[in-house]
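# Chains, contacts and geometry: an overview
Each chain, written out:
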Amino acid sequence: MTNRYDELPGRPDPADLVVEVPAFEDDRPQPEPAPPAAAPELVAATEFARSSHAPPTIRRTQVRAGLWIAGVPIAALVIVAVVQVLLPH
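Before going into details, it helps to say that this report is about the structure given with it. Bear in mind the structure is a predicted one, so any value in this text is a computation, not a measurement. (Residues numbered from 1 in each chain as written. Predicted model: local features only at pLDDT ≥ 70, side-chain atom pairs only at ≥ 80, totals over all residues. Heavy atoms only, no water.)

## A short note on the overall build of the protein
Inclusion rule: A run of H or I in DSSP counts as a helix once it spans at least four residues, and a run of E counts as a strand once it spans at least two, with each numbered from the N terminus. Exposure categories follow from relative accessible area, calculated using a 1.4 Å probe and restricted to protein chains: below 20% of the type maximum is buried, above 50% is exposed, and the middle band is partly exposed. Each accessible area is a Shrake-Rupley estimate made with a 1.4 Å probe; only the visible protein chains count as cover when residues are assessed.
Each helix and strand in the protein was counted, giving two helices and zero strands. Taken over 89 residues, the protein has a buried fraction of 3%. As displayed, the protein offers around 9300 Å² of accessible surface, 66% of which is attributable to carbon and sulfur atoms.

## Some words on the environment of Thr46
The residue Thr46 is located in helix α1 (residues 40-52) in this model. For the pair formed by Thr46 and Glu32, sequence separation is 14 residues and the distance between their alpha carbons is 9.6 Å.

## Thoughts on helix α2 (residues 60-86)
For clarity, the threshold we go by: Multiply 1.5 Å by the residue count of a helix minus one, and that product is the helix's expected span. Two axes define the bend at a residue: one fitted to the seven residues ending there, one fitted to the seven starting there, and the bend is the angle between them.
Taking 1.5 Å per residue, 27 residues should reach 39 Å; α2 reaches 37 Å between its end C-alpha atoms and fits that length. Gly71 marks the point of greatest bend in α2, at about 30 degrees, and the proline Pro73 comes within the next four residues.

## Quick notes on a nonpolar patch on the surface
Test applied: For patch detection, residues must exceed 30% relative accessible area and be free of salt bridges, and they are connected within 9 Å for like charges or within 5 Å for nonpolar side chains (Val, Leu, Ile, Met, Phe, Trp, Tyr). A side-chain nitrogen of Lys or Arg and a carboxyl oxygen of Asp or Glu constitute a salt bridge if their distance falls within 4 Å.
Where nonpolar side chains cluster on the molecular surface, the patch consists of Ile74, Val78, Val82, Val85 and Leu86 and spans about 510 Å² of accessible area. On the basis of relative accessibility, which here comes to 48%, the residue Val78 falls in the partly exposed class.

So this is what it looks like as structure tokens:
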């Protein structure tokens, strides 16, 4: 290639720009196709069935937090009820 700027380079040959890629069959497992959007109950049932076999996603910290959030007010109400029953008016 020269450093002459008074003329443009020639056109490239299209055969030089073609890259051949061998075709292969995609044998990876494919997810089941979604049911038609016109049947929302079928979509919900399919998603429920698909997720019913999956391991649960709730974590121990979420369970512990839920027990604290629900357990503390219930325990406080039980203590108040016991105090009201045991103490005479």
